[in-house]
Amino acid sequence: MIQTFTPDDVIRYVYEETTDEENTLIEDALIGDQELLEFYLDTLEIKSLMNKLERTPSNRVVSNILEYSQNYTGSQSMA
């Protein structure tokens, strides 16, 4: 039986969410399917670029969080 793989399967493979058996089947599919291989390589590149992104909150957001935490009194017990 010929196994066909979707882009979702390749993404799972890239993020190491596949079983050893699936890994073997996907690797075989990558060897025989140029389009799937190109998608795999593009996905690896995108993953690498995403890992390099650094996001920082604006000063306003940090100030709001700090102000909220300074004014937070915790849960009040109702007696």
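Preceding this section is the structure that the text describes.
Residues numbered from 1 in each chain as written. Predicted model: local features only at pLDDT ≥ 70, side-chain atom pairs only at ≥ 80, totals over all residues. Heavy atoms only, no water.

## Focus: the overall build of the protein chain
For step 1, the next point in the chain: Looking only at helices and strands, the protein chain has 4 helices and 0 strands in total.
For step 2, the next point in the chain: Helices (α) and strands (β) of the protein chain occur, in sequence order from the N terminus, as α-α-α-α.
For step 3, the next point in the chain: Long-range pairs, those at least 24 residues apart, make up 50% of the contacts in the protein chain with a sequence separation of at least 6.
For step 4, the next point in the chain: On the protein chain, roughly 7200 Å² of surface is accessible, and the fraction owed to carbon and sulfur atoms is 53%. (Helix = DSSP H or I, 4+ residues; strand = E, 2+ residues; numbered from the N terminus. Contact = heavy atoms within 4.5 Å. Areas by Shrake-Rupley, 256 points an atom, 1.4 Å probe, with all protein chains shown as cover.)

## A word on the packing of helix H2 (residues 20–32) against helix H3 (residues 34–52)
For step 1, the next point in the chain: The geometry of H2 relative to H3 is characterised by a closest axis approach of 6 Å and an angle of 115 degrees between their N-to-C directions. It follows that H2 is roughly perpendicular to H3 by the angle criterion. Judged by residue contacts, Ala29, Leu30 and Gly32 of H2 engage Gln34, Leu36, Leu37 and Tyr40 from H3. (Axes fitted to C-alpha atoms, helices over the stretch in contact; angles between N-to-C directions. Parallel < 35°, antiparallel > 145°, perpendicular 65-115°, else oblique.)

## Remarks on the side chain of Thr18
For step 1, the next point in the chain: Note on placement: Thr18 falls in the loop between helix H1 (7–14) and H2.
For step 2, the next point in the chain: Reaching out from Thr18, the side chain makes a polar contact with the side chain of Asn23 at a distance of 2.3 Å.
For step 3, the next point in the chain: Beyond its immediate stretch of four places on either side in the chain, Thr18 contacts Asp9, Arg12, Tyr13, Asn23 and Ile26. (Polar contact = N/O pair within 3.5 Å; in protein donor to acceptor, adjacent residues only side chain to side chain.)

## Things to note about a nonpolar patch on the surface
For step 1, the next point in the chain: A grouping of Ile11, Tyr15, Ile46, Met50 and Leu53 is seen on the molecular surface, where their side chains present a nonpolar patch of about 490 Å² in accessible area.
For step 2, the next point in the chain: Mapped onto the elements of the fold, Met50 is located in helix H3. (Patch = residues over 30% accessible without salt bridge, like charges linked within 9 Å, V, L, I, M, F, W, Y side chains within 5 Å. Salt bridge = Lys/Arg side-chain N within 4 Å of Asp/Glu carboxyl O.)

No statement about biological role is implied by the geometric values presented.
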